[in-house]
Amino acid sequence: MSQDAVSQDAVTGAPAIVDAHQHFWDLARNYHPWLADAAPIAFRYGDYAALRRNYLPADYRADTARHRIVATVHVEAEWDPRDPVGETRWLAALRAETGLPTVAVAQARLDAADVAEILAAQASFAFVRGIRHKPAAAPSPEGVTIGAPGSMGDRRWRDGYALLARHGLSFDLQTPWWHLAEAAALARDLPLTRIVINHTGLPADRSLEGLAAWRAALAIAAREPNIALKISGLGQHGEAWRREANAPIVRDAIAIFGAERCMFASNYPVDSLVGSFDTIYAGFMAIVADMPLALRRRLFHDNAMRIYRIPGAAA
């Protein structure tokens, strides 16, 4: 049976879904350097030329047509860093026209000189719930230097991060698992701000040793009650999204963090490079099919509603 056939079976009677991580862009109108510039960036999925096209709510609704999406969380899409609030203004107009996204995680460079002004401007939009700024990261566990410029241990970066609590904003963290001990320290030192780890802590190394180190790092982060986890971004370079490959990752993540602090997300359209929305969500549903309904509801809906403070989405 094909994965699309499996997905058709899996979505029948599926519960309401809050997609906790998705993106929109209009390359005809707006500047996203990684999508618009001729030179590609280093990307974990390899060639991403297929993403160099507009992706708007009509496209998302077509991709998700067989699913009951009741709300989405738009995460900043590497918009022109010279105008981070520009993306939020554009999203406000998009919401007014199309009803999507429901809420947003906006861009702000936490170590920028004008971070206080940018955070205040982003927080002035009622649908903004948090901020994402990818901290500087080492290319491997052996290269980690605590306090490196632009990292979570950098004093200037931390000073910007400390301002999030003033506005009641959460922080979406995208970083390799070997920086999660730093994330745990950040969560302890500034406990009023919730951290949401993106893309399952990026378990790209699927060797036995790599996965053991990823689990250990995830366990360190999970000790802090103000850290949550998005289960998403599980594609592998050069491979299609496969339930068999990702099931152990998903189950380990839930076992470590608990079903009350995990949420599923599509990372669409980025993860369209490795699988259709149907394939990815059918995979999630099959992986947790033996869990109690109440826990599955938390993973697909309730936790994202609570963590991103989404009002009024249908259950």
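From a predicted model like this one, the values you see are computed outputs, not experimental measurements. (Residues numbered from 1 in each chain as written. Predicted model: local features only at pLDDT ≥ 70, side-chain atom pairs only at ≥ 80, totals over all residues. Heavy atoms only, no water.)

(A) Structural view of the packing of aromatic side chains. Inspection of the entire model under this criterion finds 21 aromatic pairs. For the ring pair tryptophan 34 and tyrosine 48, a centre distance of 5.3 Å and an interplane angle of 40 degrees mean the geometry is tilted. Of this pair, tryptophan 34 sits in helix H2 (residues 33–36) while tyrosine 48 sits in the loop between H2 and helix H3 (57–63); the two residues are 14 residues apart in sequence, bridging distant segments of the chain. Side by side, tryptophan 34 and tyrosine 48 carry an identical accessibility label, which is buried. For the ring pair tyrosine 268 and phenylalanine 277, a centre distance of 5.6 Å and an interplane angle of 80 degrees mean the geometry is edge-to-face. Look at tyrosine 268 and you get buried, because its relative accessible area is 4%. An aromatic cluster is present here, built from Phe24, Tyr55, Tyr60, Trp241, Phe264, Tyr268, Phe277, Tyr281, Phe284 and Phe300 joined pairwise through their rings. (Phe/Tyr/Trp six-rings, centres within 6.5 Å; stacked < 30°, edge-to-face > 60°. Helix = DSSP H or I, 4+ residues; strand = E, 2+ residues; numbered from the N terminus. Buried < 20%, exposed > 50% of the residue type's maximum accessible area, 1.4 Å probe, protein only.)

(B) View of unusual backbone geometry. Of note, the bond from leucine 100 into proline 101 is cis; its omega dihedral lies within 30 degrees of zero at 0 degrees. Among the secondary structure elements, proline 101 is positioned in the loop between helix H4 (84–98) and strand E3 (103–107). In this structure, the amide linkage connecting tyrosine 268 to the following residue, proline 269, adopts the cis form with an omega of 10 degrees. Within the fold, proline 269 resides in the loop between strand E8 (262–264) and helix H11 (277–287). One non-glycine residue, histidine 199, adopts positive backbone phi at about 55 degrees. Tracing the backbone shows histidine 199 in the loop between strand E6 (195–197) and helix H9 (208–222). Judged by relative accessible area, histidine 199 falls into the buried class, the value being 2%.

(C) Inspection of the environment of threonine 175 at higher detail. Tracing the backbone shows threonine 175 in the loop between strand E5 (170–173) and helix H8 (180–189). When the C-alpha positions of threonine 175 and alanine 62 are compared, they lie 30 Å apart, and in sequence the two are 113 residues distant. In contact with threonine 175, not counting residues within four places along its chain, are Pro135, Ala137, Met152, Leu180, Gly201 and Leu202. (Contact = heavy atoms within 4.5 Å.)

(D) Expanded view of the pairing of strand E1 (residues 17–22). Within E1, six of the six residues are buried, which leaves it mostly tucked inside the rest of the structure. Inspection of the sheet shows E1 paired to strand E2 (residues 69–75) by four bridges, in the parallel sense. Its bridge partner being in E2, aspartate 19 is matched across the sheet by threonine 72. (Pairing = 2+ DSSP bridges.)

Purely spatial values, then, with no claim about function.
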